[in-house]
Amino acid sequence: LAKTTQPISMDSYEGQEVNITCSHNNIATNDYITWYQQFPSQGPRFIIQGYKTKVTNEVASLFIPADRKSSTLSLPRVSLSDTAVYYCLVGDGNQAGTALIFGKGTTLSVSS
Amino acid sequence: SAVISQKPSRDICQRGTSLTIQCQVDSQVTMMFWYRQQPGQSLTLIATANQGSEATYESGFVIDKFPISRPNLTFSTLTVSNMSPEDSSIYLCSVLLHDRVGGYTFGSGTRLTVV
């Protein structure tokens, strides 16, 4: 499983765009990049998944350069409710059925 | 998406006792996973539980301490045995749904405090 590196913490203000970058230099050809969000006292929640280029959904965008050795989760116009821990995971998606292995995650704090 | 119910949501237990955590899913799933999240830390995989086979434990976790049952495709239990204060953590179950992107869904967790 590819190891991921992401900042331990980030601070932002309401209304700003937040970009969290994750490094995964040893990503394998069949690996996907997946981001989860965890609020206090809750289990992690799926945000977005991608393989290459750009993926966008109603919550976030995921940018993946051509070499796929890093990825950036972009949260547009954050609010106080986006304060959470964000985890970047790399693996073969949900096909092989292997468990998710979590790194340390990035604690995002949004202030007013 | 699947709904996962974990019980209890929290408990305070005496050292030396055992607690069984239940995980109920509203649809049939092949794979279930149990995690531990110590205070202020990330999630650590305890074991993978497939129906009809013995659970597979990760390094540092043993069946005698964390016995797991998986009697059918919608239910699993994790027991934390002979507890010590070091077992104080949040325990989460997770299931894998192959028919959706991302696929992994988590319960809300059981917050265990051992005194």
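What counts, and where the lines are drawn
Residues numbered from 1 in each chain as written. Chains lettered and ligands numbered in written order. Predicted model: local features only at pLDDT ≥ 70, side-chain atom pairs only at ≥ 80, totals over all residues. Heavy atoms only, no water. Helix = DSSP H or I, 4+ residues; strand = E, 2+ residues; numbered from the N terminus. Rg over C-alpha atoms; globule rule 2.2 N^0.38 Å. Contact = heavy atoms within 4.5 Å. Areas by Shrake-Rupley, 256 points an atom, 1.4 Å probe, with all protein chains shown as cover. Lys, Arg positive; Asp, Glu negative; His and termini not counted. Charge placed at Lys NZ, Arg CZ, Asp CG, Glu CD. Buried < 20%, exposed > 50% of the residue type's maximum accessible area, 1.4 Å probe, protein only. Salt bridge = Lys/Arg side-chain N within 4 Å of Asp/Glu carboxyl O. Polar contact = N/O pair within 3.5 Å; in protein donor to acceptor, adjacent residues only side chain to side chain. Pairing = 2+ DSSP bridges. Axes fitted to C-alpha atoms, helices over the stretch in contact; angles between N-to-C directions. Disulfide = S-S within 2.5 Å.

(A) Highlighting the overall build of chain B. When helices and strands are counted, chain B shows zero helices and eleven strands. In terms of C-alpha radius of gyration, chain B reaches 13 Å, essentially the compact-globule figure of 13 Å for 115 residues. Principal-axis analysis of the C-alpha atoms gives chain B an extent of 40 × 25 × 25 Å. Across chain B, contacts joining residues at least 24 apart in sequence account for 52% of those joining residues at least 6 apart. Carbon and sulfur atoms make up 48% of the accessible area of chain B, which totals about 5,400 Å². Across chain B, the 8 positively charged side chains and the 8 negatively charged ones have centroids separated by 7 Å.

(B) Spotlight on the side chain of B:T77. Counting through the fold element by element, B:T77 comes out in strand β8 (residues 75-80). Residue classification places B:T77 among the buried positions, given a relative accessible area of 11%.

(C) The pattern of salt bridges, seen in detail. Residue and element names in this part refer to chain B. Per the stated rule, a full pass over the model turns up one salt bridge over all chains. Its salt-bridge partner being D87, residue K65 comes within 2.6 Å of it at the nearest N-O pair. Of this pair, K65 sits in the loop between β6 (56-57) and β7 (68-72) while D87 sits in the loop between β8 and β9 (89-96), placing them 22 residues apart in sequence.

(D) How the structure looks around the side chain of B:S88. Residue and element names in this part refer to chain B. In this structure, S88 sits in the loop between β8 and β9. Of note is the side chain of S88, whose polar atom sits 3.0 Å from the backbone oxygen of P85. Residues contacting S88, with those up to four places away along its chain left out, are P39, L112, T113 and V114.

(E) Inspection of the sheet that holds β7(B) at higher detail. Residues and elements named next belong to chain B. An order of β1-β3-β8-β7 is seen for the four strands of this open sheet, with the pairing classed as antiparallel. At either margin of the open sheet sits one strand with a lone partner, and together these are β1 (4-7) and β7. Averaged over all pairs of adjacent strands, the angle between their axes in this sheet comes to 15 degrees, without regard to strand direction. Both β7 and β8 contribute to a ladder of three bridges, which runs antiparallel. From the neighbouring strand, S69 faces β8, where its bridge partner is T77.

(F) Main features of the state of the cysteines. Across all of its chains, the model carries two disulfides over all chains by this definition. Two residues share a disulfide in this structure: A:C22 and A:C88, whose sulfurs sit 2.2 Å from each other. Where A:C22 bonds to A:C88 through sulfur, the torsion about that S-S bond is close to -80 degrees, and the disulfide is left-handed. With A:C22 in strand β2 (residues 18-23) and A:C88 in strand β8 (residues 84-91), the pair connects residues that are 66 residues apart, well separated along the chain. By the burial criterion, A:C22 is buried, and A:C88 matches it. Sulfur-sulfur distance for the disulfide between B:C23 and B:C93 comes to 2.0 Å. Between B:C23 and B:C93, the S-S dihedral sits near 70 degrees, and the bridge is therefore right-handed.

(G) Representation of the environment of A:V18 in the model. Residue and element names in this part refer to chain A. Here V18 lies in strand β2. When the C-alpha atoms of V18 and V110 are compared, they prove to be 9.7 Å apart, with 92 residues separating the residues in sequence. Beyond its immediate stretch of four places on either side in the chain, V18 contacts M10, S12, L73, S74, L75, V78 and L108.

(H) Spotlight on the sheet that holds strand β3 (residues 32-38) of chain A. Residues and elements named next belong to chain A. A sheet is described by the order of its strands in space; here five strands give the open sequence β1-β9-β8-β3-β4, paired in mixed fashion. The strands lining the two open edges of the sheet, one partner per strand, are β1 (9-13) and β4 (45-50). When the angles between neighbouring strand axes are averaged without regard to direction, this sheet yields 25 degrees.

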